[in-house]
Amino acid sequence: MAAFKPGIPLAASADVIVPSQPSETVELTGIRNKAQHSPANKLDDPFLVTFSGENDTSNPRNWSMRHKWAVTDVLSATGFNRIMVSTIMAPALPLIAQQFSMNSTETMMSFSSYVLATAFGPLIMGPLSEVYGRSPVLHASNVWFLVWNIILGWFWSKQYIRFERGVLGDMWTPEQRGQSLSVYLLIPLLGAAVGPIIGGFMAGRTTWRWMFWSTSAFQGVMVLASLLVFRETYAPLILKNRAERLRKTTGDSRYVTAQERLQEDKSLFQVLTKALSRPLRFILYHPVIQITSLIGAFYYGILYLLLASFADLWTQHYHVSVEMSGLHYIAVAGGEIAGSQLGGYILDALHRRLQARDSTSVGVDPEHRLPLIFPAQMIGFVGLLVYGWTAQYRVHWIAVDIGMFIACFGLQISGMAMQAYVIDAYADHNSSVQAATQFLTSMTAFLFPLFAPTLYRILGYGWGNSLLVAVGFFIGFPLVISLWKCGKRWRLASPSTE
């Protein structure tokens, strides 16, 4: 889901776009002007280490489809577990609150605190993956997640509670953006349904601590799978390793990559400082990132507000068991999954159509991703209203679930389009960009559930959701229109983040 970014190990990136034909445009990290890697250029500089074309299988873009899907599936399964961890405890919140004598705000904090770490983690992991590569950062984050998930199962207490999209862009082309996102999101989004269902039955029939122990076991399996399947996808690092081997075997120090030339006068400290500060510079100086972050943050906050309060609706107002309350989360995951699969197809088809029609476009035009957001937002708003007012008047449960399904369906498609826009617009440093945008979205995912009980207690579900729709309408539509009209000009005018 656009929305379900927590848990995804690394943000998407496309720092190197390697040409299969001499005339194609190449984007190299740190080179904002378009360079041409033609045979003539290579002859002019025989010591410049690059990929040798579409037959060079060391380039992730030239990997076999089988291996690309294997890597995508492993990342997707890891995302499944992390999203399941973020939702599995939702049905058990009333029981956890009772056990630890927590008020409503503390209860919601115990649910949303998981995503608080996802606000700060990517600010470090994203830039580091652009220095040391995707592989070491991915494996380290997997092990880190496993260790702390085990600790939560043993030592979780009231006091303790208070305390992966780079790889897709490396492998898949812009024309395959929607397809790769839809498949990548399919398995994690199942976690949105499986998590609350498992959590509901665990909470009702055994200790809620098994939620963490069971997901830790699954994470252990995924750590091993990642070690076996995943290999480095970050093209600048692959080329750097190739250059190092050439220097060693030939004894000629003149073999170098374009990125090494850019950094030849910089110390490791300077390189790391530049990389780690890059997400903050994107947030401060790039209007496109500021706007996409604001839009994504608001809708992501709504999603977590709904997730946090959904179980309470069924147990407190419809008086169903904890186990049965978890089953209603199928509506959430169903909308997300349907939105991701249909949205991916529409995203690619619309992109091809607009690219073919726009004779002035040179290369990929990221703004062609934006038109899909408008109808998707309207669908999401309609779903929120249906959910809110049917819940307000205690209409039959199927009507409430239909409203939730429609809301998640629309917001999912809208979020995918926005995510594809950011990936295409900032291909050279997308891990840092995703870290920048995720910071604000994770903060709202942490904060919005905290006022959910107050919102619905004062306004009720009907007027509460109507207020969210009104704010979303006046935030979303004008800002997306501004991106459509001014996004390209803003990107060109924004200062370099090198």
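Placed above this text is the structure.
Nothing here was measured: the structure is a model prediction, and the numbers come from that model.

(A) Examining the overall build of the chain more closely. If you tally the helices and strands in the chain, you get 18 helices and two strands. Taken over 498 residues, the chain has a buried fraction of 59%. Accessible surface, the chain: about 20,200 Å² in total, of which carbon and sulfur atoms supply 67%.

(B) Quick look at the side chain of Arg 242. Tracing the sequence through the fold places Arg 242 in helix 10 (residues 235–250). Within the structure, Arg 242 has its side chain in polar contact with the side chain of Ser 58 (distance 2.4 Å).

(C) Focus on helix 18 (residues 430–493). Over its 64 residues, helix 18 extends only 18 Å from the first C-alpha to the last, a length that falls short of the 94 Å expected when each residue adds 1.5 Å. Along its length, helix 18 shows its largest kink, about 110°, at Gly 460.

(D) Geometry of the nonpolar core. Ranked by size, the top nonpolar core spans 58 residues in total, and within it Phe 310, Leu 313 and Tyr 387 carry the most contacts. Counting residues per element, the ones that place at least two in this core are helix 13 (287–317), helix 15 (329–357), helix 16 (373–392), helix 17 (397–425) and helix 18. With 17 residues, the top contributor of residues to this core is helix 13. Dropping the residues within four chain positions of it, Leu 313 is found in contact with Tyr 318, Tyr 387, Ala 391, Val 400 and Tyr 461. In terms of nonpolar packing, the next biggest core, distinct from the first, is built from eight residues, Ile 238, Leu 239, Ala 243 and Tyr 255 among them.

(E) View of a nonpolar patch on the surface. Together, Ile 458, Leu 459, Trp 463, Leu 467 and Val 471 make up an exposed nonpolar region whose accessible area comes to about 490 Å². Its place among the elements puts Val 471 in helix 18. Given a relative accessible area of 32%, Val 471 falls into the partly exposed group.

(F) Helix 16, seen in detail. An ideal rise of 1.5 Å per residue puts 28 Å on 20 residues; helix 16 measures up with 28 Å between its terminal C-alpha atoms. Buried within helix 16 are the following residues: Ile 373, Ala 376, Gln 377, Gly 380, Phe 381, Gly 383, Leu 384, Tyr 387, Gly 388, Thr 390 and Ala 391. At its buried positions, helix 16 is contacted by helix 13, helix 17 and helix 18. Downstream of helix 16 by a residue or two, Arg 394 has a phi angle that is positive, lying close to 55°.

(G) Here's a closer look at the packing of aromatic side chains. Using the criterion set out here, one finds 20 aromatic pairs in the structure. Between the aromatic rings of Phe 405 and Phe 409, the centroid separation amounts to 6.4 Å while the plane-to-plane angle is 10°, which identifies the pairing as stacked. Of this pair, Phe 405 and Phe 409 both sit in helix 17, separated by four residues, roughly a single helical turn. Look at Tyr 456 and Tyr 461: their rings are 4.3 Å apart centre to centre, the planes differ by 25°, and that puts the pair in the stacked class. Here a set of aromatic residues connected by ring pairs shows up, and it is made of Phe 298, Tyr 299, Phe 374, Phe 381, Phe 448, Phe 451, Phe 473, Phe 474 and Phe 477. Directly above the ring of Trp 63 sits Arg 231, whose terminal nitrogen or CZ lies 4.3 Å from the centroid.

(H) How the structure looks around the pattern of salt bridges. Tallied over the entire structure, the rule returns six salt bridges. Across the pair Asp 365 and Lys 488 runs a salt bridge, and its minimum N-O distance is 3.5 Å. Highlighted residues: Asp 365 in the loop between helix 15 and helix 16 and Lys 488 in helix 18, separated in sequence by 123 residues. Accessibility expressed as a relative area gives 40% for Lys 488, which makes it partly exposed. Residue Arg 369 is joined to Asp 424 by a salt bridge in which the shortest nitrogen-to-oxygen separation is 2.7 Å.

Calculation criteria
- Residues numbered from 1 in each chain as written.
- Predicted model: local features only at pLDDT ≥ 70, side-chain atom pairs only at ≥ 80, totals over all residues.
- Heavy atoms only, no water.
- Helix = DSSP H or I, 4+ residues; strand = E, 2+ residues; numbered from the N terminus.
- Buried < 20%, exposed > 50% of the residue type's maximum accessible area, 1.4 Å probe, protein only.
- Areas by Shrake-Rupley, 256 points an atom, 1.4 Å probe, with all protein chains shown as cover.
- Polar contact = N/O pair within 3.5 Å; in protein donor to acceptor, adjacent residues only side chain to side chain.
- Expected span 1.5 Å × (residues − 1).
- Bend = angle between axes of the 7 residues up to and from the residue.
- Core = buried A, V, L, I, M, F, W, Y, C linked by side-chain atoms within 4.5 Å.
- Contact = heavy atoms within 4.5 Å.
- Patch = residues over 30% accessible without salt bridge, like charges linked within 9 Å, V, L, I, M, F, W, Y side chains within 5 Å.
- Salt bridge = Lys/Arg side-chain N within 4 Å of Asp/Glu carboxyl O.
- Phe/Tyr/Trp six-rings, centres within 6.5 Å; stacked < 30°, edge-to-face > 60°.
- Lys NZ or Arg CZ within 6 Å of the ring centre and 35° of its normal.

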